[in-house]
Every structure is written in structure tokens, then in C-alpha cells.
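An overview of the molecular structure
Residue strings, one per chain:
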Amino acid sequence: MQRFLFLLFSASLFLACEKDIPKLVISGQVNNPAGTEVTFRMSDSTYKIMLDSTGAFTLDIAFDSAEYVTFMHGAERSSLYLMPNSDLKLELDAEMFDESLSLTGNQAEPSQFLLSKFLLEESFPDFRARRSSDAPMELIALLDSMSDTKIKLLSELKIKLPETFYNEQIESIKYERIYDNSGLVSFYQYNAPDSMPQDLAFYAYQQEIDYNREDLLATPYYKRVLESEISRPFTADLDWNNTDDRVAYFTGLAEAAQTKISNEKVLASIIKSHIDLYKSYIEISVVEELLGNFEYLYGAEELAATKEVLAQIKALSPGAQVPDFTFETLEGENFQLSSLKGKLVYIDLWATWCGPCIAEQPSMEILVEKFQNSPVAFLAVSIDNTKEPWIKMVNDRELAGTHVYAENNWQSDIMRHFVVEGIPKYILLDEEGKIIIQDASRPSGNIAELIESELAKMGA
């Protein structure tokens, strides 16, 4: 009898504990779906959920703290703010996406604000398109007006929003305006240095920046502002195709960050993301040296994981054999990298949504034409979320070279093998499929000189 009572008590305790676990439940409906799944990307997890035959899905997970979450379907994405113990209903028509996306139910108000804010921003004038025509202070006035409009929308909903979220959004809107103002300064710095505005009000935003707000690290624009302003003094003449310039930028930002930032969590966030983003673009010994200077910012497991990735990158040294990756052609057939054996292979990792990738296309066309009678293959590997925009762009623009598609985009075999964190990314292989350089110059750079040198070694 006592054993039975003990088991009954234990079962009750287990059920009570199970009941107390905070959860997040989202039942959803996607009409006119653009794919077979929806994705919720969170700070430490990504959930991919298959749609049923009617376009319905359910997400039911343990969820113990509020956070900003990226919702994705097809080639589209949107930002949500999800909270523990929420029971929500998501509805979407994939053909209209942002205009149709809605989230209702318990604790849906923060996400509803983010969706409304996005649509409001869609109605604003194209600020960046006006940078070449409007007077500088007219653009500053436009930025202030757009910021005020977003704050007004937020204030109208204040009573329905959690205080923490409301305060975060006030700061987020502020730093979004600062980011645009900072970008405007960069525009003049790079495109019209002789016409840099002299009005001090143009630079007033710099006095608003607090470099030590760890509470703002999760907001979308705060870190971008810090990185932009910290690096400004040494980016004016930066040539990303120049190895020395890349190293100067990589080490310079880290050194400058230490002089600007005293809060260790903010400094850690900036340094870690800087190393993570550029580790594949800088000589690995330089990356290792910088990591060594900032090891104190890492936990033991985090440091070990970072060193493991750097070791993986180090293995991508000249002469390393590349696996025989399989891709999909425009016609839906398999394409093996090994089919290009006997030729130099210049690989372009890109996507249709990547502005810098598209900007390189004219230079790529020139490059392909220059080597059309040489044993050189130009392999453009798309990592688009879906094949449709890739197929359309290649066909509409009649892009030169060999075009293939990598399944699973960022998680595809080639992206994981080369530890790619950003695109465009260019790689040059020799005629045996071995690495010549895993961080090759862009088509607009001096890659033609290296290709000619390698062809000479082949006697071609």
C-alpha cells in the first residue's frame, strides 16, 4: 500500500512538473503555399514543419523565454515576437505573404505590431533611392518623419504591449533611424567625398549612440550601428579584393571596438560575430591570432567549438581535394562537380536575393567571355530557398556560365564544407578538383590575373 501511494505521489509530481513547463503553440494555415514547409528560426533552434494536404501545420514546443523569431515560407520571411504560454493562430496566403500574414490569439499583440510596422515601412518613400537627388538635410528630415510615424503607431498600442517589448521597440526604432543616418554618411563617404555635408546636424546622430547597451543586443539595428561607426575611420578606401585591406579591416575593427566599448557583453557580441562572419575571408593565421587575443570573452565550450571550425577552415588550404558535390541543373538533372575535371573551376556561391551577388554579374559576363576558349569552367551555385526565382533570373538575364542549384541553401554540402557565412563567395579549383584558393577575388577584382597564371602552369 505504501509503495502504491509513493508511485501515485511520484506520478502526480511528474504530471505537475509537466504541466508547469512553459509552452508555445501555433496552429497555422498557409493558403496557396509556395513550398511544403514553414520554418521558425529562433536564437538557439530552428523548427521546420511540414504542411499537410490542406496547408495546415502545428508548432507545439517547450518555450521558456520571449524572443524575436524569424518565420519563413518559400522565399519570404517575417519577424515575430513570441512569448511563453502563448496559444496562437497564424494565417497566411503565400501569394501575398506580408499583406496577408496575421497572428492572433493569446499574447499575439507584439507580433501584430511588428507586422503592422513592416507594412507601414513598405508605404514609406524609397529613402535610399533619393540619396543621389535630395539635399542631405532634406533626407535627415525624412528619416525623422518616418521614425516619428513608427513611434506614433507603437504609442497607440502601448497599453496592449508588454513593457519590456515596448521599451525595446522604442530603442529599436531609434537605432534604425541612426543606422540609416550612418548609412547616409557612408554614402557620401564612398560616392561623393568632396561633397560631404558640413552641417553639424547631419552628424548629430553620433551623439545619441551608447556603445554599452547590452540590453539592446537583440534588437535588429543596434549592433549594425556599432559596427558601422567603429569601422568608419578605416573603411573609406577599403578594397575588399585586396588581401592586405581585408586583414586591416578585420584587425582594425577589433582594436577599435576595445577603445569604444567598455561593457564586456557588448564587446563579446561584437568580437564574436566579427570573427564568425569574416573567418572564411581572412588568412586563417590572422583569425587565430585575433581569437587568441579575445579568448577571455568565450566560455570553454564556445571557444572549443570556434577553434574546431577554424581547424575545418585551415583544412581548406591550397592543394586540398574537394568532395564531388552533386547539384541540380536548370532542367532538374543531377550535375557532378567531377564532370568539370580537366578544367580550372571558378565557383560562384550566390542567390537572387543577394544584392552584392547581382552587382557582380556584369563583371562575371566579361570574365566568362574573356576565357571562353580556355579550359576554365564558371560554375554558379545558387543557394536560393526555392528554385523558381533562380530559374527565372538565369533565364530572364541569359546569364553566362554553368548554373546549378544547391539543395538546403545555407545547409547544403558545399556551404557547410567551405564554412560559408556570407555570399557572394568565390572559390578557384585546379583541373584535378583541388583548391587553389578558397577565398578568391570577385569577378570585379583581379581574379583574371590568377586564372591566367594558373592556365600558364597548365600550359594552356
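In this numbering scheme, every chain counts its residues from 1 along its sequence in written order. Restriction of local features to residues with pLDDT of at least 70 applies here, the model being predicted, together with a cutoff of 80 or more for giving and counting side-chain atom pairs; totals for whole chains, interfaces and linings are based on all residues. Derived side-chain values reflect all non-hydrogen atoms in the structure, with water molecules and hydrogen atoms excluded from consideration.

The helix count covers DSSP runs of H or I at least four residues long, the strand count covers runs of E at least two residues long, and both are numbered beginning at the N terminus. A count of helices and strands for the chain gives 14 helices and 15 strands. With C-alpha atoms as the basis for the radius of gyration, the globule rule is written as 2.2 Å multiplied by the number of residues raised to the power 0.38. Over its C-alpha atoms the chain spans a radius of gyration of 25 Å, differing by no more than 12% from the 23 Å that the globule rule assigns to 460 residues. For the chain, the C-alpha atoms occupy an extent of roughly 85 × 70 × 50 Å along the three principal directions. Looking at the chain as a whole, 46% of its 460 residues qualify as buried. Whether two residues are in contact is decided by their heavy atoms: any pair within 4.5 Å suffices. Long-range contacts, defined as pairs at least 24 residues apart, comprise 62% of the intrachain contacts of the chain with a sequence gap of at least 6. Values of accessible area rely on a 1.4 Å probe in the Shrake-Rupley scheme; residue burial ignores everything except the protein chains shown. Of the roughly 23500 Å² of accessible surface on the chain, a fraction of 50% belongs to carbon and sulfur atoms. The rule is simple: take the accessible area with a 1.4 Å probe, protein chains only, and divide by the maximum for that residue type; under 20% is buried, over 50% is exposed, in between is partly exposed.

Before going further, it helps to spend a moment on the confidence of the model for the chain. Averaged over all residues, the pLDDT of the chain is 90; the fraction at 70 or higher stands at 96%. Segment residues 1–18 is flagged for pLDDT under 50; beyond a separation of four residues in sequence, or across chains, it makes zero contacts in the model. Confidence of the predictor at the level of single residues is given by pLDDT, which spans 0 to 100.

That bond from isoleucine 423 to proline 424 is cis: its omega, 5 degrees, falls within 30 degrees of zero. With respect to the secondary-structure elements, proline 424 resides in the loop between α13 (413–417) and β14 (425–429). Notably, asparagine 32 is not glycine yet its phi reads approximately 50 degrees, a positive angle. With respect to the secondary-structure elements, asparagine 32 resides in the loop between β1 (23–31) and β2 (37–41). Since its relative accessible area comes to 40%, asparagine 32 is described here as partly exposed.

What follows covers the state of the cysteines. Sulfur atoms of two cysteines make up a disulfide when they are within 2.5 Å. For the structure on display, the rule yields one disulfide. Bridging cysteine 354 to cysteine 357, the disulfide has an S-S length of 2.3 Å. The disulfide joining cysteine 354 to cysteine 357 has a torsion of about 80 degrees about its S-S bond and is therefore right-handed. There is no split in this pair, since cysteine 354 and cysteine 357 are both buried.

Turning our eyes to something else, we now look at the side chain of aspartate 180. Its location among the elements puts aspartate 180 in helix α4 (residues 163–191). By relative accessible area, aspartate 180 is classed as buried at 13%.

Below, the discussion takes up the packing of aromatic side chains. Stacked, tilted and edge-to-face are the three classes applied to pairs of Phe, Tyr and Trp rings, where Trp contributes its six-membered ring and a pair requires centres within 6.5 Å; stacked means planes under 30 degrees apart, edge-to-face means over 60, and tilted covers the rest. Scanning the entire structure with this criterion turns up 20 aromatic pairs. Here the aromatic rings of tyrosine 188 and phenylalanine 202 are separated by 5.9 Å at their centres, their planes lie at 85 degrees, and the arrangement is edge-to-face. Of this pair, tyrosine 188 sits in helix α4 while phenylalanine 202 sits in the loop between α4 and α5 (222–231), and the two are 14 residues apart along the sequence. Each ring, one from phenylalanine 325 and one from phenylalanine 327, has its centre 6.3 Å from the other, and the planes form 45 degrees; the classification is tilted. The exposure classification of phenylalanine 325 matches that of phenylalanine 327, with both residues buried. Feature note: the residues Phe40, Phe57, Phe71 and Phe97 constitute an aromatic cluster, connected by ring pairs. A ring is considered to have a charge above it if a Lys NZ or an Arg CZ atom is located within 6 Å of its centre and within 35 degrees of its normal. When the ring centre of tyrosine 179 is taken as origin, the NZ or CZ atom of arginine 224, which lies over that ring, is 5.7 Å away.

When the terminal C-alpha atoms of helix α6 (residues 243–260) are compared, their 26 Å separation across 18 residues agrees well with the 26 Å that a helix rising 1.5 Å per residue should span. Restricting attention to buried positions, one finds in α6 the residues Arg246, Tyr249, Phe250, Gly252, Leu253, Ala254, Ala256 and Ala257. Contacts made by the buried residues of α6 are with α5, α7 (264–278) and α8 (284–293). In this scheme, a helix's expected span is set at 1.5 Å multiplied by one less than its residue total.

Axis angles are defined between N-to-C directions and span 0 to 180 degrees, where every axis is a line fitted to C-alpha atoms and, for a helix, only to the segment in contact. Taken N-terminus to C-terminus, the directions of α6 and α7 make an angle of 175 degrees; their axes are 10 Å apart at the nearest point. With respect to α7, the axis of α6 lies roughly antiparallel. Packed against α6, whose contacting residues are Tyr249, Phe250, Leu253, Ala254, Ala257 and Gln258, the element α7 presents Leu267, Ile270, Ile271, His274, Ile275 and Tyr278 at the interface. Comment on the angle field: the value is read as roughly parallel under 35 degrees, roughly antiparallel over 145, roughly perpendicular from 65 to 115, and oblique elsewhere.

Structurally, leucine 119 is set in helix α2 (residues 109–122). Placed 178 residues apart in sequence, leucine 119 and leucine 297 show a C-alpha to C-alpha distance of 39 Å. With sequence-adjacent residues up to four places away left out, leucine 119 is seen in contact with Asp98 and Glu99.

Now for the sheet that holds strand β6 (residues 76–82). Note on pairing: DSSP must find at least two bridges between two strands before they are called paired. Strand order in the open sheet formed by four strands is β3-β2-β5-β6, and the pairing between neighbours is antiparallel. The open sheet has two edge strands, β3 (46–50) and β6, and neither has a second partner. Within the sheet, the average angular offset between the axes of one strand and its neighbour, ignoring direction, is 20 degrees. Inspection of the sheet shows strand β5 (residues 67–73) paired to β6 by seven bridges, in the antiparallel sense. If you follow phenylalanine 71 over to β6, its bridge partner there is serine 78. Sheet strands in contact with α2 are β5 and β6, and its direction is about 145 degrees off that of β6.

With respect to topology, four strands assemble into an open sheet ordered β4-β1-β7-β8, the strand pairing being mixed. The open sheet has two edge strands with one neighbour each: β4 (56–62) and β8 (102–105). Shown here is a sheet whose adjacent strand axes are inclined to one another by a mean of 20 degrees, direction ignored. Pairing geometry for strand β7 (residues 86–93) and β8, over four bridges, is antiparallel. Its bridge partner being in β8, glutamate 91 is matched across the sheet by serine 102.

This part is about the side chain of lysine 117. Residue placement: lysine 117 occurs in helix α2. Leaving out residues up to four positions away in the same chain, lysine 117 has contacts with Lys150, Leu153, Gln169, Ile173 and Glu176.

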